[in-house]
Amino acid sequence: MLLPSCRKGEVPSSPSTDAGQNQTPGTDDKEEEAVQVRFTSFVSIKVKDGYTTRAPIEENVLPPGAEVGIYGVKANSSNWNEYGITDELQAHLNNDRYTVQEDNSMKPDYIAEYPKKDSGYDGLVFYAYYPYSDKTKYNSYYKSYLVPVTIKMNDMASTEDYLYAERKEQLTPTDNTPVTLFFKHALGRVRFLFKNTPSKAMLYSVAVTADSPTSGYMKVDTGEILYEESDKVSTTFTYNVGEVGKDLAEGDVVVDFMLFPGANITKIECNINSIFESYPLNLSKPIELEAGVIVPVEITFTPLSVGLDNQLDEWKVSTSDDMKFEIDEESGTVTQN
C-alpha cells in the first residue's frame, strides 16, 4: 500500500511519474537515474553615473545563510515559451526554501529532482526570489505568486533587499551540474556616502521624505512591485546610524535607503552632532527611484558647514550651485549658495 503525503505549501495533485516519488513495487527504475536539482546564484547590480559602490547584498552573489524561495514548472523544451509560473509545479519546487552555503551552492529543505523521460517532460522552468517567505500566495488576478514586501520606515537599516530571479529554462541534465540563477533588485535605492572628516563629527540618523508606500507585494515571476495607489502618500523614512551614532572622523559612512520604484524623494534631513536637531536639505526637484538602480549622493561635513554635492546623471535633480548647502551649527540655519 502506498500512502500519499502532503507538506506545508504543497497542494495534492493527481498521481505523477515525477522523479523522487515512490514507485509501484516491481517497477524497474534502473533504466534512468534521477538527477537532483542544484543551484548557485548571481546578483546583478546597476548603478547610475558609473558610481562604484556595493549594494546591501555585499557581493555579486547571495551571502551564506540567505534563504531563497524557488518554483520549478514542468516543461517541454520544444515549446518553452508556453510555460509560466501558473503551470504544473515539480515536486519540492513549490515555494521551496533553499539556503545559500559558503561555496555559493544552495541547500534545500527537501531534495527536488528533474523529470524523467517517462514523465512526459524533459526539463524545468525556474522562478526564484529573496528573501524566502512562507506567506507567499497565488493571486488569480495577477496570475502569479505574490511575496509580501515591507519597508521599515522607522528602521531603514533593517529593510530587506528584495530580489527576484530571471526566468531560467533548463533541460533535464545527465549530471548534477548546478543551475545558476541570476537575481535582480526589485526596489529603488538611494545611497548616501558621508565622507571622512578631519575632526570629530557624529552622524546619528538620516531621514528622507518620499511618496513611497510602506507595504505591498512583489510578483515572483517579474519582480514587479504592487501596492494600493492610496498608500502612495508623503512619508518620512528614518535610518538610525548604529546604537550611538558613528564618528565621521573614523572613516566614511554609507547609508542606504531602499524604497518602492516610482517613489519621489523631496526632502533629506541629517542629524549631525545632535540627535535633537536636524538640518533639512530641500531638493529643488525630486529624486525619482527606479527598480534595481542605485542613486549615489555624496555628502561632505566640515566644522560649522556641510557641502552637498550630487552627481545624478540622467536624473532630474540639479547638480549646480542650488544643490550646495552650508549649515551653521551655532545658529542652526541652513544657507543655500
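Residues numbered from 1 in each chain as written. Predicted model: local features only at pLDDT ≥ 70, side-chain atom pairs only at ≥ 80, totals over all residues. Heavy atoms only, no water.

### Some remarks on the nonpolar core
In step 1: Counting residues in hydrophobic clusters, the biggest one holds 53 residues, and the most contacted among them are Phe192, Phe194, Val255 and Ile265.
In step 2: Broken down by element, the residue count for this core peaks at 5 residues, all from strand E18 (residues 253-259).
In step 3: With near-sequence residues (within four places) excluded, Ile265 lies in contact with Val190, Val208, Thr209, Ala210, Leu259, Leu283, Pro286, Ile287 and Leu289.
In step 4: Counting residues in hydrophobic clusters, the runner-up holds 23 residues, among them Val68, Leu93, Phe126 and Ala128. (Core = buried A, V, L, I, M, F, W, Y, C linked by side-chain atoms within 4.5 Å. Buried < 20%, exposed > 50% of the residue type's maximum accessible area, 1.4 Å probe, protein only. Helix = DSSP H or I, 4+ residues; strand = E, 2+ residues; numbered from the N terminus. Contact = heavy atoms within 4.5 Å.)

### Topic: the sheet that holds strand E7 (residues 137-139)
In step 1: Strand order in the open sheet formed by 4 strands is E7-E8-E14-E15, with antiparallel pairing between adjacent strands. Edge positions in the sheet fall to E7 and strand E15 (225-226), since each of these pairs with one other strand and no more.
In step 2: Looking at chain direction, E7 and strand E8 (residues 144-150) are connected through 3 bridges and run antiparallel. When the sheet's bridge partners are listed, Tyr138 is paired in E8 with Tyr145. (Pairing = 2+ DSSP bridges.)

### Focus: the pairing of E8
Remark: a regular strand shows side chains that alternate across the two faces of the sheet.
In step 1: By the criterion of burial, E8 is predominantly enclosed, with 5 of the 7 residues buried.
In step 2: Between the antiparallel neighbours E7 and E8 lie 4 residues, among them Lys143 with a positive phi of about 55°.
In step 3: Pairing of E8 with strand E14 (residues 215-219) involves 5 bridges; the strand directions are antiparallel. By the bridge assignment for E14, Val149 is matched with Gly216.

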